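A structural walkthrough
Letter by letter, the chains look like this.
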Amino acid sequence: MSEKWYEKAGQQGGIVVSSRIRLARNLKNYPFPNKASLEQKKEIAQKVKLALEESNSTLANSFSFISMEELSQIQAVSLVEKHLISPEFASDRKGRYLMLSKDESISIMINEEDHIRIQVLGSGLSLNECYDTANNLDTLLDNALGFAFNNKLGYLTQCPTNLGTGMRASLMLHVPAIEKNRSINRISGNLTKLGMELRGTFGEGSDAKGSLYQLSNQITLGLSEHNAIENLKNIASQLIEQEEKSLAEMAKSIETQDVIYRSLALLKSAKLMSNDEAMKLISNVRAGMFTGVIKNTDYAMLNRLNEQIQPATLMTVEGKELSPQQRDIKRAEILNREFGRI
């Protein structure tokens, strides 16, 4: 079985959990998905599939082609939980298709808001690497299919906010100290003025689970991809520095140390564990690892567990529906086993 991208710990993995690059693209001579017929959507999907299969790229061999209509609701939600597709893409699966790499680092949503959404994920701070992969795929597909482009407006997209580069770069940040200091709202407001956005764990309109926040660029017009990524990295470095200082100060207190050790003990021994509680306890352990309170820095395990313990993902792995209590029991068993090694 191929190792998944989230089973690795990347650069600055204590605070930067993951990086993502997403490109929005549309084919010339086809209406946007909201106006396209089912037959046109199917044609677009087949063209994307063939473009990859007939290319000389080594990437092409790693993809599976998935008709979203053939997935159950639970399987679709699991893909959302793993950040592979958007909630909107899962909500109405008719005429929608997914190209997914074996390690799940690359997903291409076909017929979401735009004809093509190329998404590349990577562990830790890896925006440049993710962009290189996304750019290679973008070039490959553009050469084969021809994307809708205007010299003044850039890539043409259904939503005007994506015009220009059509690129959204984002980082998943673990910032429990900033969250505890209650400065998230102030920081979020300041970031908006700088063309950045701070959102919950699963994107727009979602809450932050386990102190995980998505930081992303808002501006796609009049700014190059390189500049957008550098701006994001510069802003992120300031947040990382603030979090490091605040967390180091918090970790000096016996109260914080007690919370960290109690969290680890619960993860090792609890028999029932809700998803929200599990993510909060994992967050406390990550903070403990980062500050040296816990003499272990297996961030890769924490990344993997954050994916594995989600409700729909648990049921997908089990191959059946589970009641909330059954999920809580199964989640506790997984956590007991993994954290028992620390």
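Residues numbered from 1 in each chain as written. Predicted model: local features only at pLDDT ≥ 70, side-chain atom pairs only at ≥ 80, totals over all residues. Heavy atoms only, no water.

Overview of the packing of helix α2 (residues 73-81) against helix α11 (residues 311-318)
One way to put it is that α2 packs onto α11 with a least axis distance of 8 Å and a crossing angle of 125°. For the element pair α2 / α11, the angle class is oblique. The handedness of the crossing between α2 and α11 is left-handed. For the pair α2 and α11, the contacting residues are Ile-74, Gln-75, Val-77, Ser-78 and Glu-81 in the first and Pro-311, Ala-312, Thr-313, Met-315 and Thr-316 in the second. Looking at the contact of α2 with α11, its residues break down into five nonpolar, four polar and one charged. (Axes fitted to C-alpha atoms, helices over the stretch in contact; angles between N-to-C directions. Helix = DSSP H or I, 4+ residues; strand = E, 2+ residues; numbered from the N terminus. Parallel < 35°, antiparallel > 145°, perpendicular 65-115°, else oblique. Left-handed = near helix turned anticlockwise from the far one by under 90°. Contact = heavy atoms within 4.5 Å. Nonpolar A, V, L, I, M, F, W, Y, C, P; charged D, E, K, R; others polar.)

Section: the environment of Ala-134
Examined against the element boundaries, Ala-134 turns out to sit in helix α4 (residues 127-145). Separated by 110 residues in the primary sequence, Ala-134 and Ala-24 place their C-alpha atoms 11 Å from one another. Excluding residues within four positions of it along the chain, Ala-134 makes contact with Ile-21, Leu-23, Ile-118 and Val-120.

Some remarks on α4
Under the 1.5 Å per step criterion, the end-to-end length of α4 is 26 Å for 19 residues, consistent within 8% with the ideal 27 Å. Every buried residue of α4 is accounted for by Leu-127, Cys-130, Tyr-131, Ala-134, Leu-137, Asp-138, Leu-140 and Leu-141. Just beyond α4, the residue with positive phi is Gly-146, at close to 80°. (Expected span 1.5 Å × (residues − 1). Buried < 20%, exposed > 50% of the residue type's maximum accessible area, 1.4 Å probe, protein only.)

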